[in-house]
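Each chain, letter by letter, is given below.
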Amino acid sequence: MKTCYKVFTREVAGKLQLKSSCWSFDPETTAQILRKGYRIYKAPSFYTGHEFYEGKKVSWRDGFVVLWTLLKYSF
């Protein structure tokens, strides 16, 4: 779910009714795509992560936003 890029067809994009922004975008997109019966494929990508001092400010609290969004849009 937490990936740098998301790629899908115009058909799939047209069927999504996205309302979220920020951290809840990924789980909402994933939940809606799966609920509509589409398969998700993982493709290899290369990524060099950032260290905390370089600007990455993700904390454990962000996980609650993701969990709530998954529950909200999955059922």
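Residues numbered from 1 in each chain as written. Predicted model: local features only at pLDDT ≥ 70, side-chain atom pairs only at ≥ 80, totals over all residues. Heavy atoms only, no water.

(A) Seen up close, the overall build of the protein. Tallying secondary structure elements over the protein gives 3 helices and 0 strands in all. Along the protein, from the amino end to the carboxyl end, the secondary structure elements read α-α-α. For the protein, the C-alpha atoms occupy an extent of roughly 40 × 30 × 15 Å along the three principal directions. Within the protein, the proportion of its 75 residues that are buried is 21%. Of all intrachain contacts in the protein linking residues separated by at least 6 positions in sequence, the fraction that spans at least 24 positions is 54%. For the protein, the accessible area works out to roughly 6,500 Å², and carbon and sulfur atoms hold 61% of it. Distance between charge centroids for the protein: 8 Å, based on 13 positive and 6 negative side chains. (Helix = DSSP H or I, 4+ residues; strand = E, 2+ residues; numbered from the N terminus. Buried < 20%, exposed > 50% of the residue type's maximum accessible area, 1.4 Å probe, protein only. Contact = heavy atoms within 4.5 Å. Areas by Shrake-Rupley, 256 points an atom, 1.4 Å probe, with all protein chains shown as cover. Lys, Arg positive; Asp, Glu negative; His and termini not counted. Charge placed at Lys NZ, Arg CZ, Asp CG, Glu CD.)

(B) Structural context of a nonpolar patch on the surface. Together, Leu-67, Trp-68, Leu-71 and Phe-75 give the surface a local cluster of nonpolar side chains, amounting to about 530 Å² of exposed area. Structurally, Trp-68 can be placed in helix α3 (residues 62-74). Here Trp-68 falls in the exposed class, since its relative accessible area comes to 54%. (Patch = residues over 30% accessible without salt bridge, like charges linked within 9 Å, V, L, I, M, F, W, Y side chains within 5 Å. Salt bridge = Lys/Arg side-chain N within 4 Å of Asp/Glu carboxyl O.)

(C) Structural view of the pattern of salt bridges. Here the structure, examined in full by the defined rule, presents 2 salt bridges. Its salt-bridge partner being Asp-26, residue Lys-6 comes within 3.4 Å of it at the nearest N-O pair. Within this pair, whereas Lys-6 is found in the segment before α1 (10-15), its partner Asp-26 is found in helix α2 (residues 25-35), the two being separated by 20 residues in sequence. Among the residues examined, Lys-6 registers a relative accessible area of 29% and is labelled partly exposed.

(D) Structural detail: the packing of aromatic side chains. Considering all chains together, one arrives at 1 aromatic pair under this definition. A centroid spacing of 5.8 Å and a plane angle of 80° characterise the contact between Trp-60 and Phe-64, whose relative ring orientation is edge-to-face. Take Trp-60 and Phe-64: they sit in the same class, and that class is exposed. (Phe/Tyr/Trp six-rings, centres within 6.5 Å; stacked < 30°, edge-to-face > 60°.)

(E) Focus on the environment of Gly-49. Looking at the secondary structure, you find Gly-49 in the loop between α2 and α3. The class for Gly-49 is partly exposed, based on a relative accessible area of 42%.

(F) Just α2, in detail. Along α2, 8 of the 11 residues are buried, which leaves the element largely enclosed by surrounding structure. Residue Gly-37 follows α2 closely and has a positive phi angle near 90°.

Bear in mind that shape data such as this cannot, by itself, settle questions of function.
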